[in-house]
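Topology and contacts: notes
Given next are the chains, with one letter for each unit.
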Amino acid sequence: MGLSGGRALCVLLLVLLHLHAASSQEARFLGPRKPFFQRLRRLEEQFQKLQEVTLTHLQAIANNYNVSYNVDARFQNLAQENLAMALALNQSRAAVQGDLGHLKNWVRKAQRRGHKVDAKLLALDQALSEGRWERAQERMEQKAQGDAISGLALALQALQDTLAGLTQLVHGQGTRLAALEGQLQMANLGTAAATPAPPKWLSLIPLQLQGHRPGTSALAPASVPVPIPARALPESLSLNPQQLQAAKPATAALAPSPVPATAPPAWLNPSQLQPQGDKQVPGPFLDPRNLHQDITGRLQTTWGSANAAPRDPSQWTQPPQRPGEICNVGAALLFPNVSTENVVFLHPGFLRGLRALSFCSWVRTAWGRLGTLLSYATPDNDNKLVLHGRDSLTPGSVHFVVGDPAFRELALQSLLDGQWHHLCVLWTSTQGRHWLYVDRRLVATSSRFRESYEIPPGGSLVLGQEQDTMGGGFDSAESFVGSLAGLAIWDRVLSPGEVSSLATGKAVPAGALLTLANATSIGGFVQKVTCTCLELCP
């Protein structure tokens, strides 16, 4: 379209030039012909108008050509821009898809963390519920114990009253023996040569019975007759009724002064009271053939035991032996400082699943916290069995974990004094019971902790570090600093007697799964030594 318009314009210009030249030549040669020239002038004017119109059309055609050329360029630019926008849109779509993938992964992680937090909250709620239930049970038990103690106090008071009455009977018996001595002296004045005189120790019995301890209240002499068995007196001391009637003034004259009350004799304790129908009578009788030594020895024994008996009920139990006297503990491990390299692996670990467990060891630390004593991790869970503490916990507090996230917090502040202490942690899946012994004393127990759970085999068992991954992922904030001795693990719950024997060094219960003899891999600065006694261990 553009080429044809240009050619037409050129042809039109040539025609116009030619007509203009011809008109000018005719005007030169045909001057007199004015009408023709006027017509030619009009034609020239019309041609000029036509030329202007043509130029106008040609300009319009040129403008249209430029517009069409610009439209093509614009279409090309639009196509390029469209392609660029498509590429940008694809890139944006890929970026959005990547962001969505990351967001989905983050949501999955958040959901897993939320599930863990929910499980921990459920475990905490269950622990709190169990704690409330245990406290309610403890309050009920304390109330029952208080009622029992009140009943025992009343029974003890009744027994003390009974023993006081029996003591009065004993005093009365001594008094009556002295009266019998006077009766014999009055009745046998004429037959002194034929009948031997009663022994002189009979006159000393009232004096022995009148001895008293300071600070005791006085009791009136008993006036109730004391039954004496037939074998208690020899035949020479038996009297007839007339002699007894005649001896009453002498008996009254020989009655002793008020006798102070003494502590109930040990040989008249309630365990020696023999039942007789609905009553209780003293079981052992005094031997009249050795009455003086018997009464004196028993009274001395009673008063001596009364003076030596502890007044505090907590002192009635036998105190444990000192740690320095415990021997035959075997090997010991020394963890000298805080380091993730100080670790001990026990091989071969647990070869079968455990539904019960007993962990016992001698522990000594003065670090201010316990750290991790034991860590057992499997490929699917790094906290299958853990006894660990860290800086964020209360000093001396240890988490006893069985199958994360379930745990119990154990208060072991008494182990932070730098002395040797014996620690035993016991657990069974039956009713989820667990027990904590420190120096053979039961200090904590609970139930419904991982009930019917089984600790799986095939994991990594570590001493001194807490595993975040199986066999690694240690944190120095959870490391143990101190000494371990006599460590052993059983696949059953030890009895209290076995725990006591183990804590006193008497015997090691049979059937231990793992001991420090299984410590085949020792890392860092940990030292393994053999000690004959605890006081010689480093």
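Below, the structure is looked at part by part. Fair warning: this is a prediction, and the values are worked out from it, not measured in the lab.

1. Describing the state of the cysteines
Within this structure, the stated rule accounts for three disulfides. The disulfide partner of Cys327 is Cys533, and the gap between their sulfur atoms is 1.8 Å. Between Cys327 and Cys533, the S-S torsion sits near 85°, and that sign places the bridge as right-handed. In this pair, Cys327 is assigned in strand E5 (residues 327-335) and Cys533 in strand E19 (residues 527-533), connecting sequence segments 206 residues apart. Given the relative accessible area of 25%, Cys327 is considered partly exposed. Sulfur-sulfur distance for the disulfide between Cys531 and Cys537 comes to 2.3 Å. Under the relative-accessibility criterion, Cys531 is labelled buried at 7%. Relative accessible area serves as the criterion here: at 6%, Cys537 is assigned to the buried category. Across the protein, the way the bonded cysteines pair up, counted in sequence order, is 1-5, 2-3, 4-6.

2. Brief notes about the sheet that holds strand E9 (residues 381-388)
If you trace the seven strands from one edge of the open sheet to the other, you get E11-E10-E9-E8-E15-E6-E18, paired in antiparallel fashion. On the outer flanks of this sheet lie strand E11 (407-411) and strand E18 (519-522), each paired with one strand and no other. Averaged over all neighbouring strand pairs, the angle between strand axes comes to 25°, with direction disregarded. Here strand E6 (residues 344-346) runs beside strand E15 (residues 460-463); their pairing, made up of three bridges, is antiparallel. The residue bridging Val344 from the neighbouring strand is Leu463, located in E15.

3. A look at the nonpolar core
One recurring pattern in soluble globular proteins: nonpolar side chains tend to sit buried together. Grouped together as the largest cluster of nonpolar side chains are 41 residues, with contacts concentrated most on Phe350, Leu385, Leu387, Phe400, Leu412, Leu423 and Ile455. Contact partners of Ile455, with chain neighbours within four places excluded, come to Phe350, Arg352, Gly353, Leu354, Tyr376, Leu385, Val402 and Trp427. Listed in part, the ten residues of the second largest apolar core include Trp435, Ala488, Trp490 and Leu494.

4. Quick notes on the packing of aromatic side chains
The full count for this structure, using the stated rule, is four aromatic pairs. Taking 5.5 Å as the distance between ring centres and 80° as the angle between the ring planes, the aromatic pair formed by Phe335 and Phe480 counts as edge-to-face. Here Phe335, found in strand E5, pairs with Phe480, found in the loop between E15 and strand E16 (482-490); they are 145 residues apart in sequence, far enough to count as distant. Considered together, Phe335 and Phe480 belong to a single accessibility category, that of buried residues. Of note, Arg448 hangs over the ring of Trp133, and the distance from its end group to the ring centre comes to 5.0 Å. Above the ring of Tyr453, the side-chain terminus of Arg450 is found at 4.5 Å from the ring centroid.

5. Topic: helix H7 (residues 496-503)
Taken together, the buried positions of H7 are Val499, Leu502 and Ala503. For H7, the buried positions fall inside an angular range of 95° around the axis, keeping them on one side. Looking at the buried positions of H7, the neighbouring elements they touch are strand E7 (356-364), strand E12 (421-428), strand E13 (433-438) and E16. Gly505 sits one or two residues past H7 and shows a positive phi near 75°.

6. Focus on the pairing of strand E10 (residues 397-402)
The buried fraction of E10 is high, at six of six residues. Burial along E10 is two-sided: the residues Ser397, His399 and Val401 and Val398, Phe400 and Val402 are all buried. Two strands pair when backbone bridges link them, and E9 and E10 are joined in this way by four bridges, in the antiparallel orientation. Note that in E10 the partner of Leu387 across the bridge is Phe400. Sheet analysis places E10 next to E11, joined by five bridges and oriented antiparallel. Residue Val398 lies in a different strand from E11, and its bridge partner there is Leu410. In this antiparallel pair of consecutive strands, E10 and E11, the connection spans four residues, and Gly403 shows a positive phi of 70°.

7. Things to note about a nonpolar patch on the surface
Together, Val96, Leu100, Leu103, Trp106 and Val107 give the surface a local cluster of nonpolar side chains, amounting to about 470 Å² of exposed area. Along the chain, the position of Val107 falls in helix H2 (residues 34-187). You can call Val107 partly exposed: its relative accessible area is 32%.

8. Quick word on the side chain of Thr365
If you trace the backbone, Thr365 turns up in the loop between E7 and strand E8 (374-378). Of the residues examined, Thr365 reaches a relative accessible area of 2% and is grouped as buried. A distance of 2.7 Å separates a polar atom in the side chain of Thr365 from the backbone oxygen of Val481. Not counting residues within four places of it along the chain, the set of residues in contact with Thr365 comprises Leu370, Leu415, Leu416, Asp417, Gly418, Phe480, Val481 and Gly482.

9. Structural notes on unusual backbone geometry
Cis geometry marks the peptide bond from His347 to Pro348, where omega comes out at 10°. As for its position among the elements, Pro348 is in the loop between E6 and E7. Put simply, Asp404 and Pro405 share a cis peptide bond, and its omega is 15°. Relative to the elements of secondary structure, Pro405 occurs in the loop between E10 and E11. Positive phi values are uncommon outside glycine, yet Gln431 reaches one of about 60°.

10. Some details on the pattern of salt bridges
Scanning the model with the defined rule gives four salt bridges in all. The shortest N-O distance in the salt bridge between Asp491 and Arg352 comes to 2.5 Å. In this pair, Asp491 sits in the loop between E16 and H7 while Arg352 sits in the loop between E6 and E7, placing the two residues 139 residues apart along the sequence. Given a relative accessible area of 25%, Asp491 falls into the partly exposed group. Assessed through its relative accessible area of 47%, Arg352 is described here as partly exposed. Notably, a salt bridge pairs Arg492 with Glu498, separated by 3.1 Å at the nearest N-O pair. Using a relative accessible area of 28% as the deciding quantity, one classes Arg492 as partly exposed. Glu498 gets classed as partly exposed once you look at its relative accessible area, which sits at 22%.

What counts, and where the lines are drawn
- Residues numbered from 1 in each chain as written.
- Predicted model: local features only at pLDDT ≥ 70, side-chain atom pairs only at ≥ 80, totals over all residues.
- Heavy atoms only, no water.
- Disulfide = S-S within 2.5 Å.
- Helix = DSSP H or I, 4+ residues; strand = E, 2+ residues; numbered from the N terminus.
- Buried < 20%, exposed > 50% of the residue type's maximum accessible area, 1.4 Å probe, protein only.
- Pairing = 2+ DSSP bridges.
- Axes fitted to C-alpha atoms, helices over the stretch in contact; angles between N-to-C directions.
- Core = buried A, V, L, I, M, F, W, Y, C linked by side-chain atoms within 4.5 Å.
- Contact = heavy atoms within 4.5 Å.
- Phe/Tyr/Trp six-rings, centres within 6.5 Å; stacked < 30°, edge-to-face > 60°.
- Lys NZ or Arg CZ within 6 Å of the ring centre and 35° of its normal.
- Arc of directions from axis to C-beta.
- Patch = residues over 30% accessible without salt bridge, like charges linked within 9 Å, V, L, I, M, F, W, Y side chains within 5 Å.
- Areas by Shrake-Rupley, 256 points an atom, 1.4 Å probe, with all protein chains shown as cover.
- Salt bridge = Lys/Arg side-chain N within 4 Å of Asp/Glu carboxyl O.
- Polar contact = N/O pair within 3.5 Å; in protein donor to acceptor, adjacent residues only side chain to side chain.

In short, shape yes, function no, at least from these values alone.
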